[in-house]
Amino acid sequence: MIEAFRVGAVFRNGTLWDGLDLAFDDGEVCVVTGPPASGKTLLLRILRGERRPDAGDVVVGGVSLYRGNPDAGKAFRASSGVVPESFPPTACRTVRDLFRLSAVAGAGISAKERKEREEELLLLVGLPGSQESELFSLSVSERARVALAVELFRTPRFLFTDMLLLNAGGEWTDMLGGLFRALAREGKTIILAERTIPERWKARGGGEGIAKGPFRLFRLPVATEALR
């Protein structure tokens, strides 16, 4: 469980938000929405243990990420994955190169198993056989889906995504919803930061969400039929 207590953030000498209380259970899919420049990316970084909040604390499984043991944040990040809003600069040339550099990718598995896992994940995100595709040739949607596949290769317990639904495109909303529900049923925690929530998700379980500072927090049902 991830819990944020009275979290606040300052950016460019101004307070973005303060006093946020948030909680994300194991086996849950949550969407945090907010307008541009509201600090969604910063919030994800704080929740993931990458950026100390200017006020408050984040606790995972009863352990603070920012107070006490300095290795707590590092251990948490090792068990989590992140799909950024923008494809990060990288020396990698191809999709296969990204898989090779994925943190702890392939540890304890054979080359054959690694290849099969790569193919399975790329098929899942609609990019079968793209291992040798050059990254610069990919569309925004393809890059977003490749980044997701690479993170899933690590089988993270916690997954943070930044504008993934927007970047992937509306035609992938249903597939991603089904994937995230399946991961949640395995006990994974999925946190998405988006400008808006898909109307189908809101109508079939998301409701109007809960106001949290400049954000709205939606908790989505994970039952197999819930978002179809």
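Residues numbered from 1 in each chain as written. Predicted model: local features only at pLDDT ≥ 70, side-chain atom pairs only at ≥ 80, totals over all residues. Heavy atoms only, no water.

Caption draft 1: Layout of the packing of aromatic side chains. A complete count under the given rule lists 4 aromatic pairs for this structure. Ring geometry for W17 against F215: centres 5.8 Å apart, planes inclined by 65°, an arrangement best described as edge-to-face. Of this pair, W17 sits in strand β2 (residues 14-24) while F215 sits in strand β10 (residues 215-220), placing them 198 residues apart in sequence. Here the aromatic cluster, defined as three or more aromatic residues joined through ring pairs, consists of F76, F158 and F160. (Phe/Tyr/Trp six-rings, centres within 6.5 Å; stacked < 30°, edge-to-face > 60°. Helix = DSSP H or I, 4+ residues; strand = E, 2+ residues; numbered from the N terminus.)

Caption draft 2: Spatial organisation of the pairing of strand β1 (residues 2-11). Both β1 and β2 contribute to a ladder of 7 bridges, which runs antiparallel. Pairing of V7 across the sheet is with L20, part of β2. Adjacent in sequence and paired antiparallel, β1 and β2 are bridged by 2 residues, among which R12 carries a positive phi angle near 55°. Summarising the sheet, β1 and strand β4 (residues 55-60) pair through 5 bridges and their orientation is antiparallel. Residue I2 lies in a different strand from β4, and its bridge partner there is V60. (Pairing = 2+ DSSP bridges.)

Caption draft 3: Region of interest: the pattern of salt bridges. What the rule picks out here adds up to 14 salt bridges. Between R219 and E28 there is a salt bridge; the shortest N-O distance is 2.9 Å. Of the two residues, R219 sits in strand β10 while E28 sits in strand β3 (residues 28-33), which places them 191 residues apart along the sequence. Taking the relative accessible area as the measure of exposure, E28 reaches 11% and is therefore buried. Within this structure, R45, R48 and E50 form a network of salt bridges that share partners. (Salt bridge = Lys/Arg side-chain N within 4 Å of Asp/Glu carboxyl O. Buried < 20%, exposed > 50% of the residue type's maximum accessible area, 1.4 Å probe, protein only.)

Caption draft 4: A look at the side chain of S130. Take S130: it is sitting in the loop between α4 (111-124) and α5 (140-153). For S130, a relative accessible area of 7% translates into the label buried.

Caption draft 5: Structural detail: the layout of surface pockets. Quantified by volume, the largest pocket comes out at close to 260 Å³. If you go around the largest pocket, you meet 15 residues; those closest to its centre are V82, P88, L98, V150 and E151. In terms of residues, the lining of the largest pocket owes the most to one element, α5, which gives 3 residues. Residues that form the lining of the largest pocket fall into these classes: 11 nonpolar, 2 polar and 2 charged. Estimates place the volume of the second largest pocket at around 210 Å³. In this structure, the second largest pocket is lined by T41, L44, R45, R48, E50, V82, V83, P84, E85, F160 and D162. Here the residues of the lining of the second largest pocket sort into 5 nonpolar, 1 polar and 5 charged. Residue-level mapping places the lining of the second largest pocket at the junction of two domains, with at least three residues from each of domain 1 (1-79 + 159-172 + 191-228) and domain 2 (81-156). (1 Å grid on protein atoms, 1.4 Å probe; cavity = no way out; pocket = protein on both sides within 12 Å on 5 of 7 lines; lining within 4 Å. Points joined across faces, edges and corners; volume = space filled by probe spheres on them. Nonpolar A, V, L, I, M, F, W, Y, C, P; charged D, E, K, R; others polar. Domains from an automatic or database assignment.)

Caption draft 6: Structural detail: the sheet that holds β2. Pairing is antiparallel in the open sheet, where 4 strands are placed in the order β2-β1-β4-β5. With partners counted over all chains shown, the strands left at the sheet margins are β2 and β5 (63-64), one partner each. Relative to β5, β4 is paired through 2 bridges, and the arrangement is antiparallel. From the neighbouring strand, V59 faces β5, where its bridge partner is S64. Together, β1, β2 and β4 form the strand contacts of helix α1 (residues 40-47), whose direction differs from that of β2 by roughly 50°. (Contact = heavy atoms within 4.5 Å. Axes fitted to C-alpha atoms, helices over the stretch in contact; angles between N-to-C directions.)

Caption draft 7: Summary view of the domain arrangement of the protein. We note that the domain assignment places domain 1 (1-79 + 159-172 + 191-228) and domain 2 (81-156) within the protein. For domain 1 versus domain 2, the separation of C-alpha centres amounts to 24 Å. The interface of domain 1 with domain 2 comprises 14 residues on the first partner and 16 residues on the second. Overall, the association of domain 1 and domain 2 removes approximately 1,300 Å² of surface from exposure, summing both partners, and the carbon and sulfur fraction of that is 58%. Contact with domain 2 buries surface across domain 1, with L159, N167 and W172 losing the most and accounting together for 41% of the total. Counting across the domain 1 and domain 2 interface gives 0 salt bridges. At the boundary of domain 1 and domain 2, one finds 7 residue pairs in polar contact (both at pLDDT 80 or more). (Buried area = accessible area lost by both parts, 1.4 Å probe. Polar contact = N/O pair within 3.5 Å; in protein donor to acceptor, adjacent residues only side chain to side chain.)

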